Amino acid sequence: MKGFLKLGKVAGIRLEVHWTFALLLIWAGFIEFRNSGNLERVAVNQGFILVLMACVVLHELGHALTARKFGIKTQRIILLPIGGVATLEKMPEKPGQELLVALAGPAVNVVIAIVLALIIPVKSYFNFDNILVEEMLYAPNLQNFLFYLFIANVMLVVFNLIPAFPMDGGRVLRALLAFRLSRVEATNIAASIGQALAVVFFILGFFVNPFLILIAFFIFFGARGENQMVKQNSLLQGHLVKEATLTNITVLRPDNNVQEVIDILLASTEKDFVVAQDKDILGIITQKDIIKNAKTPSILVRDIMDKTFTAVDESTEILKVLELVGKEKKSFFPVTRNSKLIGAIDMVNIGEFILFKSVSWNKIDNS
Ligand SMILES: [Zn+2]
């Protein structure tokens, strides 16, 4: 994805930060300097944000390493100004496992808060009267730094456990519902509650903290997207690639040139092509490849085709193809029977297949 800076790897998982995170640091530094005019305080403040982000990374690692226990890989952990995200390959479908993965993140912050509470006299901050505490907290010393970190971790736990799917609390809710209901129903309920809470966050954002507005968008569209995905996946369950294969496709020869392919592109609705010789697949060519090479119409298909294609057998489950789309960042796959080309499958056709399935399902529901 664009705009991310690679920081390195933790536990074998890529750690990346979005460039807007720098804006957060600059903004926080500016506010502190305007309020106190003290560079030392600005430095402490910036250090605090970085240490807090380290706590967020540990939180995401909590999710990622628990998911790893259930055989689910995490592609990367990304840091945004509004928090962290661990991009798990998928969420576990067993509610018990999802419950553990969702709880593992906040659990890390609970542990950090407990450790901090053991190091610093947290109680003393709540014993004095307000003015004294305010004076005490203003001093930029280590104890105050750790106290703020304690409060921040407690807030991370509380905030993340708000049942606003797809936030952690919402995932906990879905998992609990899924013990009783189907995954589709559980997701539908959790996503509706998540979207309602997103509206509340959005409104609160104008009065409390503008970051809530960003978070509201993240929740609203996240809930909608994941709800649709779960519905689609349940429609596709048990269906095979052969049911959604495009069999009426133009197969290119390796000695076709780009001009010939452009002519086919313009004369039909096909966008991506398989290159084959006697039903043996040699590569694929996408519309992007053609556009890139449109200036050299005489160049041959064999010189620009993508040889790192993945072919799928017609008896593969369509759901497996969707996993491939996520893993390989491709959306067009040649389809084979006994390793010989019989057609192709792409996201557009899978989308159409889902559409027809959902229409026929609704018919059954209404009758
Ligand atoms: Zn989390």
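Residues numbered from 1 in each chain as written. Predicted model: local features only at pLDDT ≥ 70, side-chain atom pairs only at ≥ 80, totals over all residues. Heavy atoms only, no water.

### Side note on the packing of aromatic side chains
(1) Moving on: Across all of its chains, the model carries ten aromatic pairs by this definition.
(2) Moving on: With centroids separated by 6.3 Å and ring planes inclined at 80°, the aromatic side chains of Phe48 and Tyr148 adopt a geometry described as edge-to-face. One end of the pair, Phe48, is in helix α2 (residues 39-69); the other, Tyr148, is in helix α6 (residues 142-160), with 100 residues separating them in the sequence.
(3) Moving on: For Phe48, a relative accessible area of 17% corresponds to the buried category.
(4) Moving on: By relative accessible area, which is 38% here, Tyr148 ends up partly exposed.
(5) Moving on: Judged by centre distance (6.5 Å) and plane angle (55°), the ring pair of Phe147 and Tyr148 falls under tilted.
(6) Moving on: Using a relative accessible area of 6% as the deciding quantity, one classes Phe147 as buried.
(7) Moving on: Each member of the aromatic cluster is reached from another via a ring pair, and the members are Phe48, Phe145, Phe147, Tyr148 and Phe150.
(8) Moving on: Here the guanidinium or amino end of Arg76 rests over the ring plane of Phe4, the centre of that ring lying 4.9 Å away. (Phe/Tyr/Trp six-rings, centres within 6.5 Å; stacked < 30°, edge-to-face > 60°. Helix = DSSP H or I, 4+ residues; strand = E, 2+ residues; numbered from the N terminus. Buried < 20%, exposed > 50% of the residue type's maximum accessible area, 1.4 Å probe, protein only. Lys NZ or Arg CZ within 6 Å of the ring centre and 35° of its normal.)

### Observations concerning a nonpolar patch on the surface
(1) Moving on: Among the surface-exposed residues, Val199, Val200, Phe202, Ile203, Leu204, Phe206, Phe207, Val208, Phe217 and Phe221 lie close enough to one another that they form a single nonpolar patch of about 1000 Å² accessible area.
(2) Moving on: Every element with two or more residues in the nonpolar patch is listed here: α8 (183-207) and α9 (211-236).
(3) Moving on: Ranked by residue count, the leading element in the nonpolar patch is α8, at seven residues.
(4) Moving on: Structurally, Phe217 is set in helix α9.
(5) Moving on: Judged by its relative accessible area of 43%, Phe217 is partly exposed. (Patch = residues over 30% accessible without salt bridge, like charges linked within 9 Å, V, L, I, M, F, W, Y side chains within 5 Å. Areas by Shrake-Rupley, 256 points an atom, 1.4 Å probe, with all protein chains shown as cover. Salt bridge = Lys/Arg side-chain N within 4 Å of Asp/Glu carboxyl O.)

### A closer look at the domain arrangement of the protein chain
For interface size, the figure often reported is the accessible area lost on association.
(1) Moving on: As far as domains go, the protein chain holds domain 1 (4-161), domain 2 (172-236) and domain 3 (241-362).
(2) Moving on: The C-alpha-based centres of domain 2 and domain 3 are spaced at 34 Å.
(3) Moving on: Taken together, the contact pairs four residues of domain 2 with nine residues of domain 3.
(4) Moving on: For the interface between domain 2 and domain 3, the tally reads zero salt bridges.
(5) Moving on: For the pair domain 2 and domain 3, the interface holds zero residue pairs in polar contact (both at pLDDT 80 or more).
(6) Moving on: Its residues assigned to classes, the side of domain 2 that touches domain 3 shows two nonpolar, two polar and no charged. (Domains from an automatic or database assignment. Contact = heavy atoms within 4.5 Å. Polar contact = N/O pair within 3.5 Å; in protein donor to acceptor, adjacent residues only side chain to side chain. Nonpolar A, V, L, I, M, F, W, Y, C, P; charged D, E, K, R; others polar.)

### Let's talk about empty space enclosed by the protein
(1) Moving on: Considering all chains together, one arrives at one cavity of 30 Å³ or more under this definition.
(2) Moving on: When its volume is computed, the largest cavity comes out at roughly 30 Å³.
(3) Moving on: Lining the largest cavity are Pro92, Glu93, Lys94, Pro95, Glu98, Arg174, Ala178 and Arg183.
(4) Moving on: Both of domain 1 (4-161) and domain 2 (172-236) provide at least three residues apiece to the lining of the largest cavity. (1 Å grid on protein atoms, 1.4 Å probe; cavity = no way out; pocket = protein on both sides within 12 Å on 5 of 7 lines; lining within 4 Å. Points joined across faces, edges and corners; volume = space filled by probe spheres on them.)

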